[in-house]
Protein chains: 2
Amino acid sequence: MPEPVRALIPRLRAICGDDGVITDTAQRRTYESDALTYHAAVPGVVVLPTGTEQVAAVVRLCAEHGVPFVPRGAGTGLSAGALPRDDGVLVTTSRMRRIHEIDIDNACAVVEPGVANLDITRAAAPHGYYYAPDPSSQQVCSVGGNVAENSGGAHCLKYGFTANHVLGLEVVTPGGEVVRLGGKAPEAPGYDLIGAFVGSEGTLGIATEITVRLTRAPERVSTVLAAFATTDAGGAAVSAIIAAGVLPSAVEMMDALSIEAAEQAVACGYPKGAGAVLIVELDGPASDVEAYAAVVERLCREAGAFEIRAADDPDERARIWKGRKSAFAAVGRISPAYIVQDGVVPRTALPDVLRRIAELSARSGIRVANVFHAGDGNLHPLVLFDDAEPGAAERAAEVSGAILDLCIEHGGSITGEHGVGVDKACHMPAMFGPSDLDAFDRLRRAFDPQGIANPEKLLPTPRLCGERPAVRKGEHPLVAEGAGDVF
Amino acid sequence: MPEPVRALIPRLRAICGDDGVITDTAQRRTYESDALTYHAAVPGVVVLPTGTEQVAAVVRLCAEHGVPFVPRGAGTGLSAGALPRDDGVLVTTSRMRRIHEIDIDNACAVVEPGVANLDITRAAAPHGYYYAPDPSSQQVCSVGGNVAENSGGAHCLKYGFTANHVLGLEVVTPGGEVVRLGGKAPEAPGYDLIGAFVGSEGTLGIATEITVRLTRAPERVSTVLAAFATTDAGGAAVSAIIAAGVLPSAVEMMDALSIEAAEQAVACGYPKGAGAVLIVELDGPASDVEAYAAVVERLCREAGAFEIRAADDPDERARIWKGRKSAFAAVGRISPAYIVQDGVVPRTALPDVLRRIAELSARSGIRVANVFHAGDGNLHPLVLFDDAEPGAAERAAEVSGAILDLCIEHGGSITGEHGVGVDKACHMPAMFGPSDLDAFDRLRRAFDPQGIANPEKLLPTPRLCGERPAVRKGEHPLVAEGAGDVF
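The name an unreviewed UniProt entry assigns to chain A is Glycolate oxidase, from the organism Nocardiopsis mwathae. Word for word, the UniProt comment on chain A under Cofactor (unreviewed entry) is "FAD".

Quick look at the structure:
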């Protein structure tokens, strides 16, 4: 443990109590990564504050001594946004799990950051409400982590991201000040720092209290599964559905390889021979859902669907979702290792990008299974490789990076919902110009002049990204035209 | 004209052309205020750039010489956010009126900041789309001004504010750099500076290109007018409607005094003897709108409505809206002068706040007409006075300020949609603590270290607000309990 961290320990104990400070090496090691395990580091010390005052005191202590701190929720992140530092303090919110208020009259909840996403819905459900953002880790992921990463979920298409559901925040700034942003009333004057804070990945401070919007549970939910020969046909159905003015709550697509994986893992029983399955979920008043489900079925048939199933009973709906929900884990059945990528393209560019990913895969010999939120153009390509094969991991990383570049080339984004963290910090110059990055950096320095709040996450640094020239639009060797002989 | 401004003129002419720079005093005077005419100042010089490069060059010139600049759209603002400075450059976007693109596939439009709000809808309408934010000045107000003020409108309840409809921005920062924020793809990584920029009132720079979301035109629109004996009964109907899970696109309320004014001005023919009228608009699929309109009518009757009218034909709907839309101007018929206030309270606090406003009015002898977006708790009290009567304006201003304080006391906000500008900058300490204001100030200084971008707007300054102690929650003499003898 580096000396500057060691020196803080007695004072950290005075703030958080003896049981609120972890110094034992084996225990610290359990915090060495988030769910993106290929980035790992043992934290210098771990603290478990129980409230705002403790968080503020810990951060003030760090600020006073110039020691970095890293905030951590449940550790389910997929971009190494909570990667610890051996020269820093890991501030874990797992003891801040109180739901302060479920305010049905104003349709909101006030919670501590360590509360699990799904626990808000559990508390609101008896009143006929729920918390809409639903990352796939929602049983365990924390609301504070969701705020840090601006998490999405399968139902973003209709309901938006975490940013669309946060009404107010109490935040401990990197200087240790406690600041309140927003509140229950819609729209506050002044700068919308809630927007800037949500998705700031801990670099602007730590949220210690979160006021979220609650959404009324829909009267009816209906799920349609449609099987197509190709992803192109499935993509055409998606475009037709959106063009018809239907706004499904979710539109998910899986390609042949991911269907195969899901079948092997959970016997989901999707239609045999499908080159793509589309899952379209509708919610709202019963009369609407029925009318729209009929439109969706018709448009899927017109786009070439050879089999359609529909369900509005919870068990049947769960059967349809089973394959999709298990897809990531299922891929483990057909490949020893894989990278989950996360990129976004404008919806209209989906067919072209999928073709380019297939070319990339053919050219490199690296298999890519595609699972994605088709409605909002958020791709989750699973790049498969055998980690026992020398050089395979590097080639997979290369393909994975090239997919991001394809997203950028098509006017999209390097992350849809997993965040930047350490993992994609070096890709930011491929998406933003120097003036744009400078604007980000100015905001960061305004709140954190010492650079102690989750350093080296979100924005590229020379230490992290080296001197290698930034990849610019369309310049990636795998993406450039006629680059067929790269491998 | 102060010398520092005079010295810039030849270079401003070189940038914007001779006809793009206004130095004539009479012409400059036409820019002396926005729609809040009691704040006025003649700008040192007015420039009318035609594109991003000219804006950037003007701002760089200002930055180089430390000369302040004030951005201005159509000048329809109601918080003196575009109040000019005699020692500064007024940058008017009225020549930047191109609609670059209506992209129906991705449901968005790319426009210059000087484009009138309603012109986006006109361009999108042939494709079955429209631009949702609808401030009452939408025929003339500019999208750039809407972005600066985060403008709302009667339909915010369902569709949100400008911030909810801006997907991307090209911005000239106070240093004269051109920065791109966001774009057509949903959610970008990095800090959400779009959120911070929208509503920043020109203090973080000037938007030179704006990508907005287009919304599909609803299949059916239906408008219900319900008359009640009291605003309490109308408020109970609003609560019942929201509690039933109906989400109208607009819920507007007018009290007896504003109904009287509207009747005198435009003979709107609202039910005689009404202490309050409620206008509830529903939009969406025809089947929904019909079903919900029936629910709304039933709930209004249950809350005591003595007359209900409904319309879904555009002419009949316009007749219902006529009184509401004319209300502000109509008040001129019953009072020589008035202040339009703009405050927000959580919806559930509306009845209490309306009672307190009535008490305030009775105690001070100042009449207050209430017109408001009841669905989202956004009040627009019209504080009436006779400007020929000595001291009346000051008493009206006092009542108007006390209403804001009531909003704050009830957990609301000092502005719903008109912005802070110069007009409410000194009220900010009543709403935010020193740490909160410090956070705002840090953001501002990060982008504008010289303090040249629309200075003295949005945040309080000692010069503007003097040394008078900030009004804190519940401390206003008119609001404090037992303060009946203030007047």
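Alright, that's what it looks like, and here's the rest.
*Asks:* Looking at this structure, I do not really get the overall build of chain A. What am I missing?
*Replies:* A tally of helices and strands in chain A yields 17 helices and 19 strands. Here the C-alpha atoms of chain A give a radius of gyration of 23 Å, agreeing with the 23 Å that 2.2 N^0.38 yields for 487 residues. Here the C-alpha coordinates of chain A stretch approximately 65 × 60 × 40 Å along the principal axes. Buried positions account for 61% of the 487 residues belonging to chain A. Within chain A, contacts between residues at least 6 apart in sequence are counted, and of these 73% link residues at least 24 apart. When the 43 positive and 62 negative side-chain charges of chain A are each reduced to one mean point, those points stand 2 Å apart.

*Asks:* How should the relation of the copies chain B and chain A be read in this particular structure?
*Replies:* One copy of the chain maps onto the other through a rotation about an axis plus a displacement along that axis. Turning chain B through 180° and shifting it by 0.0 Å along the axis lays it on chain A, with an RMSD of 0.0 Å. When the rotation and shift are considered jointly, the pair of chain copies conforms to a two-fold rotation axis. Relative to the rotation axis, the closest C-alpha in chain B is found at B:G195, a distance of 2.5 Å. A shared interface surface links the copies, since 100% of the contact residues of chain B are contact residues in chain A too.

*Asks:* Even after reading the chapter, I still don't get the nonpolar core, so can you show me in this structure?
*Replies:* Side chains that are nonpolar tend, in soluble globular proteins, to be buried together. Residues A:L169 and B:L169 are the most contacted members of the largest nonpolar core, which totals 86 residues. For B:L169, the contacting residues outside a window of four places in its chain are B:V147, B:V179, B:R180, B:L181, B:I194, B:F197, B:V198, B:A207, B:E209 and B:I210.

*Asks:* Teacher, can you tell me more about the sheet that holds strand 6 (residues 108–111) of chain A here?
*Replies:* Pairing between the strands of a sheet comes from backbone hydrogen bonds, and it takes one of two forms, parallel or antiparallel. All names here are of chain A. Judged by pairing direction, the sheet is antiparallel, and its 5 strands sit side by side in the order 5-6-10-8-9 without closing on themselves. Edge positions in the sheet fall to strand 5 (99–103) and strand 9 (178–182), since each of these pairs with one other strand and no more. Shown here is a sheet whose adjacent strand axes are inclined to one another by a mean of 10°, direction ignored. One ladder, built from 4 bridges, connects strand 5 with strand 6; its direction is antiparallel. Note on strand 6: the bridge partner recorded for I99 is V111.

*Asks:* What is the right way to look at the interface of chain B and chain A in this model?
*Replies:* Interfaces are frequently sized by the accessible area removed from exposure as the parts join. Taken together, the contact between chain B and chain A spans 59 residues of the former and 59 residues of the latter. Between chain B and chain A, roughly 4700 Å² of surface is buried when both sides are summed, and carbon and sulfur atoms account for 59% of that area. Salt-bridge contacts for A:E177 lead to B:R442; the nearest nitrogen and oxygen are separated by 2.9 Å. At the boundary of chain B with chain A, the tally comes to 10 residue pairs in polar contact (both at pLDDT 80 or more). Secondary structure elements with two or more residues in the side of chain B that touches chain A: strand 9 (178–182), helix 7 (193–197), helix 10 (286–302), helix 14 (428–431) and helix 15 (434–447) of chain B. Among the elements that take part in the side of chain B that touches chain A, helix 15 of chain B stands out by supplying 10 residues, more than any other. Each residue belonging to the side of chain B that touches chain A can be placed in one class, and the counts come to 29 nonpolar, 17 polar and 13 charged.

*Asks:* Would you mind showing me how to read helix 3 (residues 52–65) of chain B here?
*Replies:* Residues three or four positions apart in an α-helix share a direction because the helix packs 3.6 residues into each turn. Residue and element names in this part refer to chain B. Look at helix 3: 20 Å from first C-alpha to last across 14 residues, which is about the 20 Å you get at 1.5 Å a residue. Burial within helix 3 is extensive, with 10 of its 14 residues counted as buried. If you check which residues of helix 3 are buried, you get T52, Q54, V55, A56, A57, V58, V59, L61, C62 and A63. Count one or two residues on from helix 3 and you reach G66, which has phi positive near 65°.

*Asks:* Could you clarify how one ought to interpret the domain arrangement of chain A in this entry?
*Replies:* Residues and elements named next belong to chain A. With domains assigned, chain A is organised as domain 1 (1–217) and domain 2 (220–410). In this structure, domain 1 and domain 2 have C-alpha centres spaced 31 Å apart. Listed per partner, the contact involves 9 residues of domain 1 and 13 residues of domain 2. Together, the buried faces of domain 1 and domain 2 total about 950 Å²; carbon and sulfur atoms form 60% of this surface. The largest contributions to the domain 1 side of the interface with domain 2 come from H155, L157 and K158, which together make up 60% of the buried area. In this structure, the connection of domain 1 to domain 2 is made through 1 salt bridge. For D283, the salt bridge is made with K158, and the minimal N-O distance between the two is 2.6 Å. Taken together, the links from domain 1 to domain 2 amount to 3 residue pairs in polar contact (both at pLDDT 80 or more). By residue number, the principal contributor to the side of domain 1 that touches domain 2 is helix 6 (residues 156–159), which donates 4 residues. Its residues assigned to classes, the side of domain 1 that touches domain 2 comprises 6 nonpolar, 2 polar and 1 charged.

*Asks:* Please clarify how the pattern of salt bridges should be interpreted in this entry.
*Replies:* All names here are of chain A. Scanning all chains against the criterion turns up 50 salt bridges over all chains. The salt bridge involving E281 is made with R317; its shortest N-O contact spans 3.4 Å. In this pair, E281 is assigned in strand 14 (residues 276–284) and R317 in helix 11 (residues 314–325), connecting sequence segments 36 residues apart. Pair check on accessibility: E281 and R317 agree, each one buried. With a closest N to O distance of 3.2 Å, D438 and R442 form a salt bridge. Residue D438 and its partner R442 are located together in helix 16 (residues 434–447), separated by 4 residues, close to a single helical turn. On the basis of relative accessible area, D438 is assigned to the partly exposed category, the value being 26%. Via salt bridges that share partners, R85, D87, E456 and R463 belong to a single interconnected network.

*Asks:* Even after reading the chapter, I still don't get the environment of B:V42, so can you show me in this structure?
*Replies:* All names here are of chain B. Mapped onto the elements, V42 comes out in the loop between helix 2 (25–29) and strand 2 (45–47). In this structure, the C-alpha to C-alpha distance between V42 and L458, residues 416 residues apart in sequence, is 20 Å. If near-sequence neighbours (up to four positions away) are discounted, V42 is found in contact with R28, R29, E32, P84, R85 and D86.

*Asks:* How should I be thinking about the packing of aromatic side chains in this particular structure?
*Replies:* Each pair of aromatic rings is reported with the distance of its centres and the angle of its planes. Under the definition given, this model contains 6 aromatic pairs over all chains. Ring centres of A:Y130 and A:Y159 lie 6.4 Å apart, and the angle between their planes is 80°; on these two criteria the pair is classed as edge-to-face. Placement of A:Y130 in strand 7 (residues 129–130) and of A:Y159 in helix 6 is noted, with a sequence separation of 29 residues between them. Taken as a pair, A:Y130 and A:Y159 share a single burial class, namely buried. Note on A:F440 and B:Y191: the rings are 5.9 Å apart at their centroids and 75° apart in plane angle, and the pair reads as edge-to-face. Here B:Y191 lies in the loop between strand 9 and helix 7 and A:F440 lies in helix 16, a pairing that spans two chains. Take A:F440 and B:Y191: they sit in the same class, and that class is buried. The structure contains a cluster of three or more aromatic residues connected by ring pairs, namely A:Y191, B:F432 and B:F440. One cation-aromatic arrangement involves A:K325 over A:W321; the distance from NZ or CZ to the ring centre is 5.6 Å.

*Asks:* Help me understand the side chain of A:S326 in this model?
*Replies:* All names here are of chain A. With respect to the secondary-structure elements, S326 resides in the loop between helix 11 and helix 12 (327–334). Residue class for S326 comes out buried when judged on its relative accessible area of 12%. With residues near it in sequence (within four places) discarded, S326 still touches A262 and V266.

*Asks:* When you look at the sheet that holds strand 10 (residues 206–213) of chain B in this model, what are you seeing that I'm missing?
*Replies:* Residue and element names in this part refer to chain B. Read from one edge to the other, the open sheet built from 5 strands follows the order 5-6-10-8-9, with strand pairing classed as antiparallel. In this open sheet, the two edge strands, each paired with only one partner strand, are strand 5 (99–103) and strand 9. For this sheet the average axis-to-axis angle between neighbouring strands, irrespective of direction, equals 10°. Bridge count between strand 8 (residues 166–172) and strand 9: 5 bridges; the pairing is antiparallel. Paired with G168 across the bridge in strand 9 is G182. In this fold helix 3 packs onto strand 8, strand 9 and strand 10, with an angle of close to 50° to the strand it touches most, strand 8.

What counts, and where the lines are drawn
Residue positions are counted from 1 within each chain, in the order its sequence is given. In the order they appear in the text, chains get letters beginning with A and ligands get numbers beginning with 1. In keeping with the predicted nature of the model, local features appear solely for residues at pLDDT of at least 70, side-chain atom pairs appear and are counted solely at 80 or more, and the whole-chain, interface and lining totals rest on all residues. Each side-chain value is derived from all of the structure's non-hydrogen atoms; neither hydrogens nor water enter the calculation. UniProt positions are given in the numbering used here, feature names are shortened, and annotations may be inferred rather than shown by experiment. Runs of E in the DSSP output that reach at least two residues are strands. Runs of H or I that reach at least four are helices, and both are numbered from the N terminus. The size measure is the radius of gyration over C-alpha atoms, and the globule rule it meets is 2.2 Å times the number of residues to the 0.38 power. Exposed residues in this analysis have more than 50% of their type's maximum accessible area, buried residues have under 20%, and partly exposed residues fall in between, with area computed by a 1.4 Å probe over protein chains only. Whether two residues touch is decided by their heavy atoms; if any such pair falls within 4.5 Å, the residues are in contact. Within this scheme the basic residues Lys and Arg register as positive and the acidic residues Asp and Glu register as negative, but His and the chain ends are omitted. Where a charge sits is defined by one atom per residue type, namely NZ (Lys), CZ (Arg), CG (Asp) or CD (Glu). Here the copies are superposed with least squares, the fitted atoms being C-alpha atoms of residues at a pLDDT of at least 70 in both. Side-chain atoms within 4.5 Å link the members of a nonpolar core, which is a set of buried Ala, Val, Leu, Ile, Met, Phe, Trp, Tyr and Cys residues. Pairing between two strands requires that DSSP report at least two bridges joining them. Every axis in this analysis is a line fitted to C-alpha atoms, fitted for helices over the stretch in contact. Angles between the N-to-C directions lie between 0 and 180 degrees. Buried area is calculated as the accessible area (1.4 Å probe) missing from two parts once they are joined, with the contributions of both summed. When a carboxyl oxygen of Asp or Glu is within 4 Å of a side-chain nitrogen of Lys or Arg, the pair counts as a salt bridge. N or O atoms closer than or at 3.5 Å make up a polar contact, with two conditions inside protein: a donor-capable atom paired with an acceptor-capable one, and, for residues adjacent in sequence, both atoms drawn from side chains. Under this grouping Gly is polar, as are all residues other than the nonpolar Ala, Val, Leu, Ile, Met, Phe, Trp, Tyr, Cys and Pro and the charged Asp, Glu, Lys and Arg. By this rule, a helix spans an expected 1.5 Å times one less than how many residues it contains. In this document the domain limits rely on a domain assignment from an automatic tool or a database. Stacked, edge-to-face and tilted labels apply to pairs of Phe, Tyr and Trp rings (six-membered ring for Trp) whose centres lie within 6.5 Å, assigned for plane angles under 30 degrees, over 60, and everything in between, in that order. Only Lys NZ and Arg CZ are tested; either one counts as a charge over a ring when it is within 6 Å of the ring centre and within 35 degrees of the ring normal.

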